[in-house]
Amino acid sequence: MTRMPHLDVRGRTTVITGSASGMGAEIARELDRRGARLALVDRNADGLAALLHDLSGTGHTTHVVDLADDDAVFALAAEIAASHPHVQSLITCAGSSMLGDIDQLTMAEMRWLMDVNLWGTVNITKALLPAMRREPAAHITHLVSIYGLAAPAGRIPYAMSKFAVRGFTESLRHELERSNVTVGAIYPAGVKTGIILHGRYAATIDPAIAQRAAAAQAAMYHTEPADAAHRIVEATVRRRPRTMIGRESRLVDVLSRVAPTRYWSAMRRPLRDAIDTTTPMA
């Protein structure tokens, strides 16, 4: 097997979605330290401006866009190309969570999350792929989730979206296997970014109960965002097809394969408080 060349990020551009906060911002800081040029993408203009102020490198640009808007995303690709002639890598971090069971969620709420987590990922990938094909070597990194490996109760739309992102990533990897563009999936677990605390929940849930459920899950997270960012950047530079992050991720990966219809019985107990959005917790 021919070994793929690693990427040299210095002076070349990485596009990062969801970069105004959380995992995306930490990845931006890691790449900035390595001398990369960055195209920072998010809906939050203030968050992008604050991040740009913190970065020490030059040549970075910020782009405010709703990734679920097809026309806006393809216009964004042209905007990025005008400022960044060498788009070498794409890291998709944009996403949200959604608490609630099937009886609590509306169809509109579930469609919204699919637009954000799935179609936003597909949009930006498709829009930037022509520019990445022009590079000698390029890599696409999609942040999936352990919930793209195992589906918990109380997270139906989130699991739906992440299983779909996983399928898109793997299929795209196979389509591009004879090209200069490689594709990788990241499966984080337990990263302390606050996504669950700042995510949405079904409108029918008492906000206090939803916040307690989110806090119960967040309390189980152990991996520092900076550590996860380092590993994600390394996976991108080394063009790895699959990377697990967090001590729970490998366990869930193995569990979902050896017990594909029974893994929930092992996951249910530690997640009990985090999935109960119907009654106040003791």
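Right above here is the structure, for reference.
All residue numbers refer to position in the chain's written sequence, counted from 1. Since the coordinates come from a predicted model, pLDDT governs what is reported: local features require at least 70, and pairs of side-chain atoms require 80 or more to be given and counted, while whole-chain, interface and lining totals use all residues. As a rule here, side-chain values come from all non-hydrogen atoms in the structure, and water together with hydrogens is ignored.

Draft legend 1. Geometry of the packing of helix H1 (residues 22–33) against helix H8 (residues 225–237). Working convention: axes come from line fits to C-alpha atoms, limited for helices to the stretch in contact. Angles between N-to-C directions cover 0 to 180 degrees. Numbering of helices and strands runs from the N terminus; a helix is a DSSP stretch of H or I covering at least four residues, while a strand is a stretch of E covering at least two. Remark: H1 packs on H8, axes separated minimally by 8 Å, with the N-to-C direction vectors making an angle of 65°. Handedness of the H1/H8 crossing: right-handed. Only Pro 225, Ala 226, Ala 228, Ala 229, His 230, Ile 232 and Val 233 of H8 make contact with H1, whose side of the interface consists of Met 23, Glu 26, Ile 27, Glu 30 and Leu 31. Residue classes in the contact of H1 with H8 are distributed as nine nonpolar, one polar and two charged. Helix crossings are classified by the rotation of the near helix relative to the far one: an anticlockwise turn of less than a right angle makes the crossing left-handed, while a clockwise turn makes it right-handed. In this description, contact between two residues means that some pair of their heavy atoms is separated by no more than 4.5 Å. Throughout, the ten residues Ala, Val, Leu, Ile, Met, Phe, Trp, Tyr, Cys and Pro are labelled nonpolar, Asp, Glu, Lys and Arg are labelled charged, and all others, Gly among them, are labelled polar.

Draft legend 2. Examining helix H9 (residues 247–258) more closely. Only protein chains enter the calculation, and the probe is 1.4 Å; a residue is then buried if its accessible area is under 20% of its type maximum, exposed if over 50%, and partly exposed in between. The complete set of buried residues in H9 reads Ser 249, Val 252, Asp 253 and Ser 256. Buried residues of H9 fall within an arc of 105° about the axis and therefore sit on the same side. Away from the buried face of H9 by more than 90 degrees, exposed residues Arg 247, Arg 250, Leu 251 and Val 258 are located. Our arc is simply the arc of the directions from the helix axis toward the C-beta atoms.

Draft legend 3. Spotlight on the pairing of strand S2 (residues 37–42). Burial within S2 is extensive, with five of its six residues counted as buried. Here a crossover is taken to be right-handed if, once the strands point away from the viewer, the path from the first strand over the helix to the second is traced clockwise. Once the chain exits strand S1 (residues 13–17) it traverses H1 before rejoining the sheet at S2, and the crossover so formed is right-handed. Following DSSP output, two strands are said to pair if at least two bridges run between them. Alignment of S2 against strand S3 (residues 61–64), held across four bridges, turns out to be parallel. Bridged to Leu 40 within S3 is Thr 62. Remark: the S2/helix H2 (residues 45–54)/S3 crossover connection has right-handed handedness.

Draft legend 4. A look at the packing of aromatic side chains. Side-chain rings of Phe, Tyr and Trp (the six-membered ring for Trp) are treated as a pair once their centres are within 6.5 Å; stacked means planes under 30 degrees apart, edge-to-face means over 60, and tilted covers the remaining angles. One pass over the structure, following the stated rule, counts one aromatic pair. Measuring from centroid to centroid gives 6.2 Å for Tyr 147 and Tyr 158, while their planes differ by 90°, and the two rings are edge-to-face. Taken together, the residues Tyr 147 in the loop between strand S6 (138–143) and helix H5 (156–175) and Tyr 158 in helix H5 connect sequence positions 11 residues apart. This pair shows no difference in class: Tyr 147 is buried, exactly as Tyr 158 is.

Draft legend 5. Here's a closer look at the pattern of salt bridges. For this analysis, a salt bridge means a side-chain nitrogen from Lys or Arg found within 4 Å of a carboxyl oxygen belonging to Asp or Glu. The final tally for this structure, using the stated rule, is 11 salt bridges. Close ionic contact of Arg 34 with Glu 30 constitutes a salt bridge, the shortest N to O distance being 3.0 Å. Here Glu 30 falls in the buried class, since its relative accessible area comes to 9%. One salt bridge in this structure joins Arg 242 and Asp 253, with 3.1 Å as the shortest N-O distance. You can see Arg 242 sitting in strand S9 (residues 242–245) and its partner Asp 253 sitting in helix H9, a full 11 residues away along the chain. Residue classification places Arg 242 among the partly exposed residues on the basis of a relative accessible area of 38%.

Draft legend 6. Structural context of the environment of Ala 49. You can see Ala 49 is positioned in helix H2. Spatially, the C-alpha atoms of Ala 49 and Thr 61 are 9.7 Å apart, while their sequence positions differ by 12 residues.

Draft legend 7. Summary view of the sheet that holds S9. Here we have seven strands laid out as an open sheet, ordered S3-S2-S1-S4-S6-S7-S9, and parallel in their pairing. Strands with a single pairing partner mark the edges of an open sheet, and in this sheet they are S3 and S9. Here the strands of the sheet are splayed against their neighbours by 15° on average, with no regard to which way each runs. Against the sheet, H1 contacts S1, S2, strand S4 (87–92) and S6, and its axis sits at roughly 165° relative to S1. The strands that helix H4 (residues 107–133) touches are S1, S4, S6 and strand S7 (181–188); relative to S4, the one it contacts most, it runs at about 170°.

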